[in-house]
Amino acid sequence: SDAPDETPAGSGSSGAATAAYKACMVTDTGGIDDKSFNASAWAGLQAAKTQASGVDPKYVASTAEADYEPNLRGFVTQKCNFILSVGGLMGDATKNVAAQNSSQQFGIVDSAIEGATNVYPMQFATQEAAFLAGYLAAGYSKSGKVATFGGRKIPPVTIFMDGFADGVAQYNKAKGKDVKILGWDKAAQNGSFAEDFASPAKGKALASTFVAQGADVIMPVAGGTGLGAAEVAKGSSGKVSIIWVDQDGCKAAAQDCDVFLTTVVKNITDAVEKAVVAGATGQPLTATPGYLGTLENNGVSLAPYNQFDSKVDQTLKDEVEKLKADIVAGTIKVESPSAPA
Amino acid sequence: MTTEAPPKKEEPKKEEESFLSLFVHNLWSANTVTVTFLSILLALVIGAVLIVVSDSEVLATFSYFTARPSDALTASWDLISRAYADLFKGAIFDPAAVSAWFNGTGDWQTALNPLSETLTYAAPLVFTGLSVALAFRGGLFNIGGQGQAVIGCVTAGVAGFAIGLPAGLHLVVALAAGLIGGALWGFVPGLLKARTGAHEVITTIMLNYTATLFLGWLILQNGVQDPDRTDAISKTIDSTAGLPALPAPLRVHFGIVLAVLVTAGVAWLVNRSSFGFELRAVGVNPPAAKTAGMSVGRTYIMLMVVAGGLAGLGGATQVLGTADRLTDQVAGNIGFDGLLVALLGRNKPWGTLFAAILYGGLRAGGNLMQVDVGISLELVTVLQALIVIFIAAPALVKAIFQLRDARTARLGASMAKGW
Amino acid sequence: MSTATVDDLTEATAPDRFWNRQRRLGAALVIIGLIAAVIFGSLAESATARFTISEDAEGAALSINGQFGAILFGIVTVAAGGALLAGVAKRWQTLLLCLGIVTFVFSFLCWQVAGKFLPLVDTLSGSLELALPLILGALAGVLCERSGVVNVAIEGQFLMGAFGAALVGTLATSVWAGLISAVVGGVIIASLLAVLAIRFLVDQVVVGIVLNLLALGITGFLYERLMQPDALKYNSPPRLPEWRIPGLADIPVIGPVLFETNLLVWLALILVVVIHLGLTRTRWGLRTRAVGEHPTAADTVGIRVRGLRYMNVLLGGVVAGAGGAYFTLVSTGAFNKNMTAGAGFIALAALIFGRWTPFGALGAALFFGFAQKLANYLSAVGSPVPNQFLNMLPYLATIIAVAGLVGRVRAPAADGVPYVKS
Amino acid sequence: MPLRLELRGITKRFGDLVANDHIDITVEPGEVHALLGENGAGKSTLMNQLYGLLQPDEGEILVDGEPKVFRSPRDAIAAGIGMVHQHFMLVPVFTVAENIALGAEEVRGGPLGWLDRRRNKRDVLETSKRYGLPVDPDALVENLPVGAQQRVEIVKALTRDVDLLILDEPTAVLTPQETDELLAVMRSLADTGKSIVFITHKLREVKAIADRITVIRRGRTVGVATPDTSEDELAALMVGRDVSLEVTKTPADPGREVLKVSGLIVDDDRGVRAVDNVDLVVRSGEVLGIAGVQGNGQTELVEAIMGLRPPRAGAITLEEKSLAGRTTKQVLRAGVGYVPEDRSLDGVVKDFTVAENLVLDLYDRAPFGNGFKLNPKAIDESARERVTQFDIRTSSPQSTVGTLSGGNQQKVVVAREMSRPLKLLVASQPTRGVDVGSIEFIHNQIIHERDVGTAVLVVSSELDEVVGLADRIAVMYRGRILAVVSPDMPREEIGLLMAGVVTPEAEDTE
Ligand SMILES: Nc1ncnc2c1ncn2[C@@H]1O[C@H](COP(=O)(O)OP(=O)(O)OP(=O)(O)O)[C@@H](O)[C@H]1O
Ligand SMILES: Nc1ncnc2c1ncn2[C@@H]1O[C@H](COP(=O)(O)OP(=O)(O)OP(=O)(O)O)[C@@H](O)[C@H]1O
Ligand SMILES: [Mg+2]
Ligand SMILES: [Mg+2]
């Protein structure tokens, strides 16, 4: 084939424009493609690139917790304008590095760092959206049994399950029904976990156990493990549906869109995008109060019903809308021990 | 009837050879040093190929290679040299930072940071590597370093925040807790092997999973979990129990010194102690050991206890030196990496120490490479695997480089033979 | 001059050691049986435990009062143990041991299921599916190790198989192309294993570990650089279809489990039989075993020792590679870094646990799959035991089984020993 | 088809060692050609090259005048050569029929290669009957006594219709009677035109069967003889000097009972009874020899005494203190020295140095160690002493034992066991695979030990050795002591006992 006329200048990321706003992200040990918060945050960085000129997104994946600090420091040395940590477990490392580099802007997803003025926290009242999903699931279920399971018993996971359980309870209270929830006992804070975020096989086994127990709506909060649940739903010829989490399932796992009733969206993508765009356009990122995603500001939400739009009763849809309004208005409060303070 | 005696070795001729030619001659023979060096070189070459083929921009320049090869070559060279320069700068020193320090424009912390990182990564690996190496020497295949390290993390961590003791003593107690925890986790497969013959490969694999699950459960319990946090994270270890470290941005801590001391201890144990004599005998010839009155079963148990204790110490260093708290993945991969470190170090204590430092350097440099050029850390994994393969197959390296014959220590000569 | 010959040894009359293996196992059974009858029995609700046969929650079921069942099965366990203690003929021993263990599990289930139901079809098919990669991996191990090459690289073969299946399956948009590439992926690692172990005489355990790492590194690296940025183009393979055999699939319980499933399950089960027959009944098998037990003896009768080993290691690569396809073509439709998550090591354990035989490996894999599925079930029906401990069940059960029942296993005599000629 | 074989200038080196040094041999059709040479002379090495297991460094092999290259046994088999190896080439976990079929299986089903077990079995039975070598095709080889295994090896070679049969020390594991039967089979084979190479170092057998004798010493052909050469001449040729095969010793002066074994019952690894109700007494200052064909429970008897194998029943006492339930270490510490039968497996740790091997059982005792740390200086010093005292030929006490010759390795074991005060010395096959010089030395050491008042138990399957060393001989057969006899008893009678035939005279002894 023909050679281009000019010698291409440099290669890799070295050729970035000088005026670029370097937005750099350090993943936690889940890696960039965790089908969960790392992936969402990365999507946010990339979206920011299209929104503000000069944004140059980069990431580095941590393979162990011991990598957090050096990776953050590496980006400091690289003179990144905005350094994003993903996940509460990176809190300590972020705190250390931020304290030593007080003129550097940091951000952290799913955590807040007390006393650090240069770390912009992004947190989410995920339980609010999960509450809607619980109500929806209970209403949609034909068998009167719904289920949820987690990847591991950690707050960013159980917060979904708490909201979901409350939503089901709300439905039962409102309708005088007895829809059962399997896989999570909010009072005891105990339930089913795959102990793995990347094993669809385990997700499949768990989901099929739930289906065998009669559940027909399942919400896996387990990253890639949840794909196994989608697999079970696909094999059920329409009987079982899945409520996905984090990012709209019809985008994040498009191949399984036909089984996603909806998604409990934790809008990390938008939050990150906004933060980066703000930074790039010179607006301040204040550490307090930082950002709290709620139903109100669309920081958390229920995704469109997508292919289920026609299958969900209009009345049920309306009730969900009404609930949302009540939560936004504060007439209904959704609590979770895992919710951000 | 008499046949000629085989010609005597010609002594005088050898003396005529100059020292230099002798040196060159030996250099290009398949001795351990040369093979190790060439193995690393070969691995880097293959790694370079991987870097190039996986970079779409550089690959694009190859599409018109015949028209203008210089493009492809320059682009490849730029990418590779930058990646490997990063590997060096991240692991040993960055000339720019060092000269900045001498000029007074930079600080010594930045200049020393690469070395500090290398040693930080190396410290726990020395322990887990020694654990595996020691077990190998006694004929056991300890895949359980990971689980033992996890338990070591747990016991050292809990001792670090749950009991209050004066500085120094607290550290000693926490380290001892890590040692004992790991030893306990090694004792189980050792006992099962000695008493029931249960294969240590199976039992240690299973105990790895068990340990990780146990840690996952423990950090969510009251009294362990940080009451101010909702995440799965424990309380912070008291400063009295932390391993002393260099000032802030540098992470290197006393663990590496401890590692060197323990290496010396293990070397002594293997070569100079009665137990070492026993374990080496059991390792290479259990029937002869038994015939000479040694108790093979008892040796296995002791061996796994010591190996487990070493891995547990590795976990303890990780918690008390770098991590400060317990989390699900606090132990990272140090147990499995220890397997490789031991193989690389040919199951010799000092070899293991150097292998761990090499490995730590690759990790530290790999981080910079990832941050700077965006080449993922998996490349480092590939490099590590390739280096071990080449070192383990000296015949291969010999054939590739047409080396002269020499006595090469074959990797794992004293290793568990099959099952 | 009369001559007398000495009697045969079989007529010797010395007392047998009392606490032999049989009695110790019997005593163990009596103890766990008592635990079952007393503890499980008293803890169990006096409500019906239903083991449903049909695929959904309703319909036909085997029902038993949970408390009664727990006690009953516990007593059967005690009886089996008692029979072993009393001393029975050799041919009954294995049967009684199995009976004792099975009834103990039943007793436990009666306790847990009392007032609830356990769907048999789901439990069995779930166990089988969880066991599937383990069966294939362990069979790969059988092929290699019976010919004398230790295969610790099953994990690496899985990973390469899974990766190959995802990549080529996506590019060719054909599940069959994916399956073939999975096999190729397995064979690549196998051939490295073969060359390094057989030709270059590297310690086979070392090669295995390192090849696992190499596979992890290469697939992870290519995943990061190639698949992750453009998953649709490189990482969305088609899925292996499920087939239903009409007629056979209607048999209760067995039907849906065995005859309404994907090709890989059948492949695995057929391979178990084929490899078993191959090893025991064919020339290839006889020679393979000879090479694994006593390569010099095989050499002296004109068998190409290294050639046969090469062949078997590569065949093992084929099988393990197919096992790798499970992860991307069956379990989920995408590759992910380190997605096999140690399954290769569990397969290795199943191989040893199964004493290097195809049926043994099958049994061990199913045992593991069942323990895991049971843990799932218990957590799903809301067991008070913390989830992490339930998840330990398969691992702890394996340790107990290996220590208590299997004990000292005998590998093929030349397993791991390279064949060198001067 | 009769075959004429010629080996010309065959040379084989193992490192510095020249195992075969320009050896020429011709084997005519229908000839029984004996290869005579002491242990380590290079007989097996030579035959392994002929059979394609080893490649010669120099020289050529001619079959019917045509030069041939045997890259592997396959080529040799194709040329009509069969071999019965010194170390059995049988797969222990296979049945007899499987072992015999291996490599030449009868199959059905074309490419599937389905084994035709019935035909395989029938072939075995046919050969077995034709040559009068009874074997049970369904028995597992590992369950067979060595003598039967030897028959299996021979049947295996014969089923292949060979023209030239190599028998490498086939009589080592046979009773005298079985040996005679084998010699008869060999003769009848030769009469049908087949050539036979027969390796042995037993002069009697050579003289009985060979048509021609080639004597090999230290890798070289030192002479070609005929059967009418005298035994003394042959022995001198073989060893290179005049040798006295007799052990010179004074009459024994037995003292108190040191070892007493009564009613001992021991099982082997498979749970088969190996030692069946054995009673023995060994007194201080005497050598009790245990004669018997290999595999009649001697191993298990010795292992039980040494605490290496738990007995089923019976008592073992050392100077009236029970050894039952004691660990091997305790037994050794009680003053028992042990030379195990399998030197390379049980006797030495090949990767250890000579010095380390010399303290293998004393490393944790003063002065070599204190139970915690070793004392390298003491270990080294004592090693130097032992090396001179026991004439161990090694470049340094720090060389690994694996680099020593078999005889010197054995001397390391003997030196170790005899360098502490002993009450009882148990020596199993003390000179197996050891060169003549070392044999004499080891025998003298054993007698010396006896003379200072130690009780000695010698187990050997070489009748010559037992007769030479022992003051009393216990003959073991199928786990039992059939009789305890005097070494002066005619050898034929002892041979009969070894075959399990008890004559009234034998019963009378003791
Ligand atoms: N593979 C080998 N490597 C190194 N040395 C060897 C090897 N095989 C044999 N030797 C050595 O070669 C010499 C001749 O051995 P060989 O087995 O041929 O003797 P032999 O005459 O058959 O003795 P024996 O009567 O004990 O069977 C011995 O010194 C032996 O140690
Ligand atoms: N299948 C069998 N049928 C009858 N007797 C047997 C059988 N197998 C072994 N024996 C006998 O059991 C006894 C012990 O045999 P074994 O081969 O274990 O002896 P050994 O002393 O250990 O010999 P070695 O150490 O040379 O193998 C012998 O008397 C042998 O003849
Ligand atoms: Mg020989
Ligand atoms: Mg034996």
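For chain C, an unreviewed UniProt entry supplies the name ABC transporter permease and the organism Paractinoplanes pyxinae. UniProt, in its Subcellular location (unreviewed entry) section for chain C, records the words "Cell membrane".

Chain B carries the name ABC transporter permease in an unreviewed UniProt entry, which gives Paractinoplanes pyxinae as its organism. Under Subcellular location (unreviewed entry), UniProt gives the following word-for-word description of chain B: "Cell membrane".

What follows deals with the overall build of chain C. Scanning chain C from terminus to terminus reveals 16 helices and six strands. For chain C, whose C-alpha radius of gyration is 24 Å, the value lies close to the compact-globule estimate of 22 Å for 422 residues. In terms of its C-alpha atoms, chain C occupies a principal-axis envelope of roughly 85 × 60 × 40 Å. Relative to its 422 residues, chain C shows a buried fraction of 60%.

With that out of the way, let us pick up the interface of chain B and chain C. Across the contact, 53 residues belong to chain B and 49 residues belong to chain C. Summed over both partners, the interface of chain B with chain C comes to about 4400 Å²; 79% of that surface belongs to carbon and sulfur atoms. Inspection of the chain B/chain C interface yields one salt bridge. Here chain B is connected to chain C by four residue pairs in polar contact (both at pLDDT 80 or more). Put simply, the parts of the chain that give the side of chain B that touches chain C at least two residues each are helix H3 (32-53), helix H9 (169-196), helix H10 (200-218), helix H15 (334-344), helix H17 (378-392) and helix H18 (394-401) of chain B. A per-element tally of the side of chain B that touches chain C places H10 of chain B first, with 12 residues. Looking at the side of chain B that touches chain C residue by residue, the class counts come to 35 nonpolar, 13 polar and five charged.

All names here are of chain B. When the UniProt feature table is mapped onto this chain, "transmembrane region" (unreviewed entry) is found at residues 28-53, 118-136, 148-165, 171-192, 201-220, 252-270, 300-320 and 379-401. Secondary structure across residues 118-136 divides into 100% helix and 0% strand, with the first and last C-alpha atoms of the span separated by 26 Å. For the annotated span residues 252-270, helix accounts for 84% and strand for 0% of the residues, and the straight-line distance between the end C-alpha atoms is 28 Å.

Residue and element names in this part refer to chain C. Mean pLDDT for chain C: 86, with 93% of residues reaching 70 or above. Per-residue pLDDT stays below 50 along residues 1-15; that stretch engages in 28 contacts with residues further than four places along the chain or on separate chains. Predicted complex, confidence summary: ipTM 0.85, pTM 0.87.

Moving on to the nonpolar core. Core analysis: the largest hydrophobic core is formed by 380 residues, its most contacted members being Met122 and Val264 of chain A, Leu320 of chain B together with Met47 and Leu50 of chain D. Dropping the residues within four chain positions of it, Leu50 of chain D is found in contact with Leu5, Leu7, Ile61, Phe70, Ala76, Ile81, Leu164 and Ile166 of chain D.

What follows concerns the pairing of strand S16 (residues 313-318) of chain D. Residue and element names in this part refer to chain D. Here strand S13 (residues 257-267) pairs with S16 via five bridges, running antiparallel. The residue of S16 that forms the bridge with Ile265 is Ala313. Judged from the two bridges that link them, S16 and strand S17 (residues 321-322) form a sheet pairing that is antiparallel. From the neighbouring strand, Thr317 faces S17, where its bridge partner is Ser322.

Residues and elements named next belong to chain A. Following the criterion strictly, the structure yields two disulfides over all chains and no others. Each sulfur of the disulfide joining Cys24 and Cys80 lies 2.0 Å from the other. The S-S bond linking Cys24 to Cys80 shows a torsion near -80°; that makes this disulfide left-handed. With Cys24 in strand S1 (residues 21-26) and Cys80 in the loop between helix H2 (68-77) and strand S3 (82-86), this pair connects stretches of sequence that are 56 residues apart. Cys250 shares a disulfide with Cys257; S-S distance 2.0 Å. Handedness here is read from the sign of the S-S torsion; for Cys250 and Cys257, about 85°, the answer is right-handed. Side by side, Cys250 and Cys257 carry an identical accessibility label, which is buried.

What follows concerns the coordination of the magnesium ion (ligand 3). All names here are of chain D. The coordination sphere of the magnesium ion (ligand 3) contains the protein donors Ser44 (OG) and Gln86 (OE1), at a distance range of 1.9 to 2.0 Å. Highlighted residues: Ser44 in helix H1 (residues 43-50) and Gln86 in the loop between strand S6 (81-84) and helix H3 (96-101), separated in sequence by 42 residues. Relative accessible area serves as the criterion here: at 30%, Gln86 is assigned to the partly exposed category.

A few words on the site of ligand 2. Around ligand 2, 17 residues are found, and the nearest of them are Asn143, Gly295, Thr299, Glu300 and Arg478 of chain D. Among the chains of the assembly, those with residues near ligand 2 are chains C and D. Interatomic distance of 3.3 Å between a side-chain N/O atom of Gln294 of chain D and an oxygen atom of ligand 2. Separating an oxygen atom of ligand 2 from a side-chain N or O atom of Glu341 of chain D is a distance of 3.3 Å. Coverage of ligand 2 by the protein chains reaches 77% of its 630 Å² of free accessible surface. If you list the elements that add at least two residues to the shell around ligand 2, you get strand S14 (273-283) and helix H9 (298-305) of chain D.

Residues and elements named next belong to chain D. In the vicinity of ligand 1 lie 13 residues, with Gly40, Ser44, Thr45, Gln86 and Glu169 positioned nearest. Within the backbone of Lys43, an N or O atom sits 2.8 Å from an oxygen atom of ligand 1. Thr45 places a side-chain nitrogen or oxygen 2.5 Å from an oxygen atom of ligand 1. Protein contacts shield 64% of the accessible area of ligand 1, which totals 630 Å² for the unbound molecule. Where the shell around ligand 1 is concerned, the elements lending two or more residues are strand S2 (17-27) and H1. The element contributing the most residues to the shell around ligand 1 is H1, with three residues. Within the shell around ligand 1, the residues separate by chemical class into four nonpolar, six polar and three charged.

What counts as what
- Residues numbered from 1 in each chain as written.
- Chains lettered and ligands numbered in written order.
- Predicted model: local features only at pLDDT ≥ 70, side-chain atom pairs only at ≥ 80, totals over all residues.
- Heavy atoms only, no water.
- UniProt positions renumbered as here; feature names shortened; annotations may be inferred.
- Helix = DSSP H or I, 4+ residues; strand = E, 2+ residues; numbered from the N terminus.
- Rg over C-alpha atoms; globule rule 2.2 N^0.38 Å.
- Buried < 20%, exposed > 50% of the residue type's maximum accessible area, 1.4 Å probe, protein only.
- Contact = heavy atoms within 4.5 Å.
- Buried area = accessible area lost by both parts, 1.4 Å probe.
- Salt bridge = Lys/Arg side-chain N within 4 Å of Asp/Glu carboxyl O.
- Polar contact = N/O pair within 3.5 Å; in protein donor to acceptor, adjacent residues only side chain to side chain.
- Nonpolar A, V, L, I, M, F, W, Y, C, P; charged D, E, K, R; others polar.
- pLDDT = per-residue confidence, 0-100.
- Core = buried A, V, L, I, M, F, W, Y, C linked by side-chain atoms within 4.5 Å.
- Pairing = 2+ DSSP bridges.
- Disulfide = S-S within 2.5 Å.
- Donors = N, O, S within 2.8 Å, 3.2 Å for Na, K, Ca; no water.
- Near = heavy atom within 4 Å.
- Areas by Shrake-Rupley, 256 points an atom, 1.4 Å probe, with all protein chains shown as cover.

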